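Spelled out, the chains give:
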Amino acid sequence: MDDNALIRMQEPLAELASFAFDWAHCLCDPKSGCQIYHRGWSIVRHIEAKGALPAGAAFFGNALRGLARDGRIRVLLSGSADTGLAAMVLQGLRPHGIEPELVMVDRCLTTLEQNRLYARHAGFDLQTHQMDAAELQIAPVDAIIVHSFLGFFPPEARQGVVNMWARNLAPNGRVLISNRLSVGQPLARPAPDPLALARRKAEIFANAQAQGYPAPRAAAIAEAAEALWQVRIGNPQLGEAELIDLLTKAGLAIVQMEKDPSGKTVSPIIMQTDAKRRDRAEIIVAHAG
């Protein structure tokens, strides 16, 4: 792969983050309540996490390369906070001579538009569908990427999403899941300590200024980060037993599950820079039987 192709493969994250920061108030549906999430996610990932990709790059890359045929693979992104998942797929495949055909479903236009811009920049095939994920019906895909997704749905809506995976997965395809799983009684994420929140808000303001953002914009970014860090999804955490039950009812089965014991998170929504959480499960799912 030549240098120009490598450069184009990288997310232009500063620009994509600014796009979401400036336009989420127009693109996010007020009824979905996702504006705070999508306005702040990419800009915090850019400034605070140095553009870190979602957890599990090695897991997803290895699994996707094993599913590719003749240098091609068709992949569904089952929701995505921004362009991080698409970048992870691209960086896991293109250096190995594999070109992905990406399909993305999300109810929010902000993240879909970000991914369209990224696809135009990096030159990959992307089809987008703005709808409730449970309603998606497309030509079969070789792989479905699911990253910390089901927790955004109330328990009664999760089966419909899992049924969608089964409906759109090719007979020999795989659902690739990275998710923290609760054991026992699911717990809600606690509200941040006010003093710690104020300290982190000051830190991101200083970091934004250090990266060249003028003071008024740095202050607006800090306000958006503070709002993001206070977001509470409001749904119970996903449990391992619940996931197995959802998959079984959809005619799917786990063929591999490993735990990442590091626990450390780079998620922009987590306020603590050194946060350690429950083990992340990396799961490969296939049609049962």
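Just so it is clear, the structure is predicted and the values come from calculations on it, not from any experiment.

About the thresholds
- Residues numbered from 1 in each chain as written.
- Predicted model: local features only at pLDDT ≥ 70, side-chain atom pairs only at ≥ 80, totals over all residues.
- Heavy atoms only, no water.
- Buried < 20%, exposed > 50% of the residue type's maximum accessible area, 1.4 Å probe, protein only.
- Helix = DSSP H or I, 4+ residues; strand = E, 2+ residues; numbered from the N terminus.
- Pairing = 2+ DSSP bridges.
- Contact = heavy atoms within 4.5 Å.
- Expected span 1.5 Å × (residues − 1).
- Bend = angle between axes of the 7 residues up to and from the residue.
- Right-handed = clockwise from strand over helix to strand, strands pointing away.
- Axes fitted to C-alpha atoms, helices over the stretch in contact; angles between N-to-C directions.
- Phe/Tyr/Trp six-rings, centres within 6.5 Å; stacked < 30°, edge-to-face > 60°.

A short note on the pairing of strand β7 (residues 280-287)
When a strand is regular, its side chains alternate between the sheet's two faces.
Here's step 1: Across the eight residues of β7, seven count as buried, placing the element largely inside the fold.
Here's step 2: Relative to β7, strand β5 (residues 169-180) runs antiparallel, the two sharing six bridges. Its bridge partner lying in β7, Val 175 is registered against Val 285.
Here's step 3: Sheet topology places strand β6 (residues 252-260) next to β7; eight bridges connect them, and they run antiparallel. Along β7, the bridge assignment pairs Ala 253 with Ala 286.

A few points about helix α4 (residues 57-67)
Here's step 1: Within α4, burial applies to Phe 59, Phe 60, Gly 61, Ala 63, Leu 64 and Leu 67.
Here's step 2: Contacts from the buried residues of α4 go to β1 (72-78), α5 (84-93), β4 (141-147), β5 and β7.

Regarding helix α2 (residues 13-27)
Here's step 1: Its 15 residues give α2 an end-to-end C-alpha distance of only 18 Å, which falls more than 12% under 21 Å, the value for a rise of 1.5 Å per residue.
Here's step 2: By the largest-angle criterion, Phe 21 marks the main kink of α2, which is about 40 degrees.
Here's step 3: Those residues of α2 not exposed but buried are Leu 13, Leu 16, Ala 17, Ser 18, Ala 20, Phe 21 and Ala 24.
Here's step 4: Tucked into the core, α2 has its buried residues touching α3 (35-47), α6 (109-122) and α9 (215-229).

Focus on the pairing of strand β3 (residues 125-130)
Here's step 1: Where strand β2 (residues 99-106) and β3 come together, six bridges link them in parallel fashion. Bridging across to β3, Glu 101 finds its partner in Asp 125.
Here's step 2: Crossover handedness for the path β2 to α6 to β3: right-handed.

A closer look at the sheet that holds β5
Here's step 1: The strand order β3-β2-β1-β4-β5-β7-β6 describes an open sheet built from seven strands, whose pairing is mixed. Edge strands, defined here as strands with exactly one partner in the open sheet, are β3 and β6. Between one strand axis and the next, the sheet turns by 20 degrees as a mean value, whatever way the strands run.
Here's step 2: Against the sheet, helix α7 (residues 155-168) touches β1, β2, β4, β5, β6 and β7, its axis set at about 145 degrees to β5.
Here's step 3: Each of β6 and β7 is contacted by helix α10 (residues 240-249), which is oriented at about 155 degrees to β6, the strand it contacts most.

Description of the packing of aromatic side chains
Here's step 1: Applying the stated criterion across every chain, the model contains five aromatic pairs.
Here's step 2: Seen from their ring centres, Phe 149 and Phe 153 are 5.1 Å apart, and the 70 degrees between their planes marks the pair as edge-to-face.
Here's step 3: Judged by its relative accessible area of 14%, Phe 153 is buried.

What to know about the environment of Arg 167
Here's step 1: For Arg 167, the location among the structural elements is in helix α7.
Here's step 2: Look at Arg 167 and you get partly exposed, because its relative accessible area is 35%.
Here's step 3: Each C-alpha atom of the pair Arg 167 and Asp 132 lies 15 Å from the other, and the pair is 35 residues apart in sequence.

Points about the side chain of Thr 111
Here's step 1: Among the secondary structure elements, Thr 111 is positioned in helix α6.
Here's step 2: Judged by relative accessible area, Thr 111 falls into the buried class, the value being 0%.
Here's step 3: What Thr 111 contacts, discounting residues up to four positions off in sequence, is His 38, Ser 80, Ala 81, Asp 82, Met 104 and Asp 106.

Quick look at unusual backbone geometry
Here's step 1: Of note in the backbone geometry, Lys 50 takes a positive phi value of approximately 55 degrees without being a glycine.
Here's step 2: Secondary-structure assignment places Lys 50 in the loop between α3 and α4.
Here's step 3: Lys 50 gets classed as exposed once you look at its relative accessible area, which sits at 67%.
Here's step 4: Of note, the phi angle at Asp 70 is positive, near 55 degrees, even though the residue is not glycine.
Here's step 5: Structurally, Asp 70 is set in the loop between α4 and β1.

Note that all results are geometric; they support no functional claim without further evidence.
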